[in-house]
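What follows is each chain in one-letter form.
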Amino acid sequence: MSGTADKTFYLETFGCQMNVHDSEKVIGTLLQQGYRQVQTVDEAGLILYNTCSIRDKAEQKVFNRLNDYKKLRKQGKKFGVLGCVAQQEGDRIFEKAPHVDLVCGSASYRNLPQMLVQLETVQTGAGNRLTGLDDRQTDLCFETEYTARTNPHRGYITIIEGCDKFCAYCVVPFTRGKERSRTSGSVLAEARQLADLGYTEIQLLGQNVNSYRDPDEKMTFAELLAAVAEVRGMHRVRFTTSHPRDFGRDIVDVIDAIPALCDHVHLPVQSGSTRVLDAMQRLYTRDEYLERIAWIHSAKRDISITTDLIVGFPGETEREFEQTLSLLDEVGYDSAFTFKYSPRPNTPALKLDDAIPDEEKARRLALLNERQRQISARRNRRHLGEIVEAMVEGKNEARGQWIGRTSQIKVLNFTAPEGMQLKAASYVQVQVTNSFPNSLGGELKSTNIESSEQRVIQSSNQSFND
Ligand code: 5AD
Ligand code: SF4
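Everything numeric here is computed off the predicted structure, so don't read it as measured data. (Residues numbered from 1 in each chain as written. Chains lettered and ligands numbered in written order. Predicted model: local features only at pLDDT ≥ 70, side-chain atom pairs only at ≥ 80, totals over all residues. Heavy atoms only, no water.)

### Examining helix H1 (residues 17-32)
Here is step 1 of the chain: Over its 16 residues, H1 runs 23 Å from end to end, which matches the ideal 22 Å to within 8%, given 1.5 Å per residue.
Here is step 2 of the chain: Among the 16 residues that make up H1, twelve are buried, leaving the element largely enclosed by the rest of the structure.
Here is step 3 of the chain: Positive backbone phi, at 90 degrees, marks Gly-34, one or two positions downstream of H1. (Helix = DSSP H or I, 4+ residues; strand = E, 2+ residues; numbered from the N terminus. Expected span 1.5 Å × (residues − 1). Buried < 20%, exposed > 50% of the residue type's maximum accessible area, 1.4 Å probe, protein only.)

See the structure below:
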């Protein structure tokens, strides 16, 4: 077992961007406590899983992983389960995976430093287990003195935690506690800190990011978006996830007004049927959702729209499912994340009969995916011939292609003259020459687009192909 001299940890993250960012904060906390991060379980004294319980499959993955490595316990390694499964299952984790030493839910991370100290002093084994689980009462956000930024091009900032919406299928209000916003002052301070670190892209995070309520009552969500986008050096600002009920027209107006706000909105609809939406307790009708889409469509900028959809919610009829299909056509999503309904512990929908057989859910899912694939292909074709700005995110050496990301959050793989080195996280102009359902292809036109003033330059007079 690693002694205090060399405290090592391995951390694997499952689930959403909130979890990815929580892990950055957990890593920061561990580094400050004198731990060293390692890349394999073999090298680690402490093995941590930051878990997701949004669907049953995600939860099973965690227990499979714990099972795979339980033999390492004999080598004196300690195991910790963090995140949503930890919060949901609590002490039951020790029954399912007796080799676990630490269980800490996402609402209790601020207690992590003390728990780590305790963990070092206890012997591994039954009776010495540590549990950090908050109920929904906490008013505190998880803010750390030091956050390990693991994404080299995108800096994440949590602006609101938890959820009070209680959609009938969703476990989040039970795993992440009640809704609580950070002050606009502390959000802006973190944005400036990220700018100082050299980040030019920021993503504001929250389960319902647009339900943001400044505790100091200084700013609305749209005003906060504007303020973050105006931080010196900021070139791209994203936000996710938005809830349709709280999606105001002012958000579209501010995207239209400020070029550094990305032209993309993720607006999960879940179903195209008002009856199903009501059963899901989503707090809006199909028409109300479409009204918000109309605001986005009427923007001056070409804003891409993406969504989340669930098929096979209890009681969903074939006709209601077809309403979801027709909604896809009506909105014209750029892409969609689609899921089969999965019953979750504690949720109101558990009381409903999950009578739609899995094969039927799978059939609906396949139909939905096929319809969306066609729409995505069509939506991507419209970019053919355009010159668009991309942030350089990496290179696929095998294919000799650079990997870029457009403001609309599309992957744009592009070629550049041989031998040319592009800086990671720099901005380039790329001509789109190919389009696929899930990505675009293109050729580099010019580099050195550093500031938001320059981002409007569309001319290709510096083209390398000239
Ligand atoms: N079953 C299936 N999908 C779910 N989601 C959330 N809960 C469930 C569930 N119980 C989906 C929703 C949500 C996305 C993050 O996961 O579409 O927007
Ligand atoms: Fe879950 Fe609904 Fe809250 Fe989103 S708004 S986290 S789907 S309960």
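Still more ground to cover, so stick around.
### Looking at the pattern of salt bridges
Here is step 1 of the chain: Scanning all chains against the criterion turns up 37 salt bridges.
Here is step 2 of the chain: Among the salt bridges present, the one from Arg-382 reaches Asp-302, with a minimum N-O distance of 2.9 Å. With Arg-382 in the loop between helix H13 (358-381) and strand S15 (387-396) and Asp-302 in the loop between helix H11 (286-297) and strand S13 (304-311), this pair connects stretches of sequence that are 80 residues apart.
Here is step 3 of the chain: Linking Arg-405 and Glu-393 is a salt bridge whose minimum nitrogen-to-oxygen distance equals 3.5 Å. Linking Arg-405 in strand S16 (residues 401-406) with Glu-393 in strand S15, this pair joins segments that are twelve residues apart in sequence. Exposure class is identical for Arg-405 and Glu-393. Each is buried. (Salt bridge = Lys/Arg side-chain N within 4 Å of Asp/Glu carboxyl O.)

### Digging into helix H12 (residues 318-331)
Here is step 1 of the chain: The end-to-end C-alpha distance of H12 is 20 Å, a good match for the 20 Å that 14 residues give at a rise of 1.5 Å each.
Here is step 2 of the chain: Along H12, the residues that are buried comprise Glu-320, Phe-321, Thr-324, Leu-325, Leu-327, Leu-328 and Val-331. Buried residues of H12 fall within an arc of 160 degrees about the axis and therefore sit on the same side.
Here is step 3 of the chain: Taken together, the buried residues of H12 touch helix H10 (274-279), H11, S13 and H13.
Here is step 4 of the chain: Positive backbone phi, approximately 70 degrees, marks Gly-332, located one or two places after H12. (Arc of directions from axis to C-beta. Contact = heavy atoms within 4.5 Å.)

### Some words on the site of ligand 2
Here is step 1 of the chain: In the region of ligand 2, the neighbouring residues are Cys-163, Lys-165, Phe-166, Cys-167, Tyr-169, Cys-170, Val-172, Pro-173, Gln-207, Asn-208, His-243 and Arg-282.
Here is step 2 of the chain: Of the residues belonging to the shell around ligand 2, the class tally is seven nonpolar, three polar and two charged. (Near = heavy atom within 4 Å. Nonpolar A, V, L, I, M, F, W, Y, C, P; charged D, E, K, R; others polar.)

### Overview of the sheet that holds strand S7 (residues 155-158)
Here is step 1 of the chain: Read across the open sheet, the three strands follow the order S7-S10-S11; overall the sheet is parallel. Both edges of this open sheet fall to S7 and strand S11 (236-240), since each of them pairs with a single strand only. Put simply, the sheet's adjacent strands are angled 20 degrees from each other on average, direction ignored.
Here is step 2 of the chain: Taken strand by strand, helix H7 (residues 184-196) contacts S7 and strand S10 (201-205), and its axis lies near 170 degrees from that of S7. (Pairing = 2+ DSSP bridges. Axes fitted to C-alpha atoms, helices over the stretch in contact; angles between N-to-C directions.)

### Structural notes on the packing of helix H8 (residues 221-229) against helix H9 (residues 249-257)
Here is step 1 of the chain: With their axes 9 Å apart at the nearest point, H8 and H9 run at an angle of 20 degrees to one another. By the angle class used here, H8 and H9 are roughly parallel. Handedness of the crossing formed by H8 with H9: right-handed. Counted together, Phe-221, Ala-222, Leu-225 and Ala-226 of H8 and Asp-250, Ile-251 and Val-254 of H9 form the full contact between these two elements. (Parallel < 35°, antiparallel > 145°, perpendicular 65-115°, else oblique. Left-handed = near helix turned anticlockwise from the far one by under 90°.)

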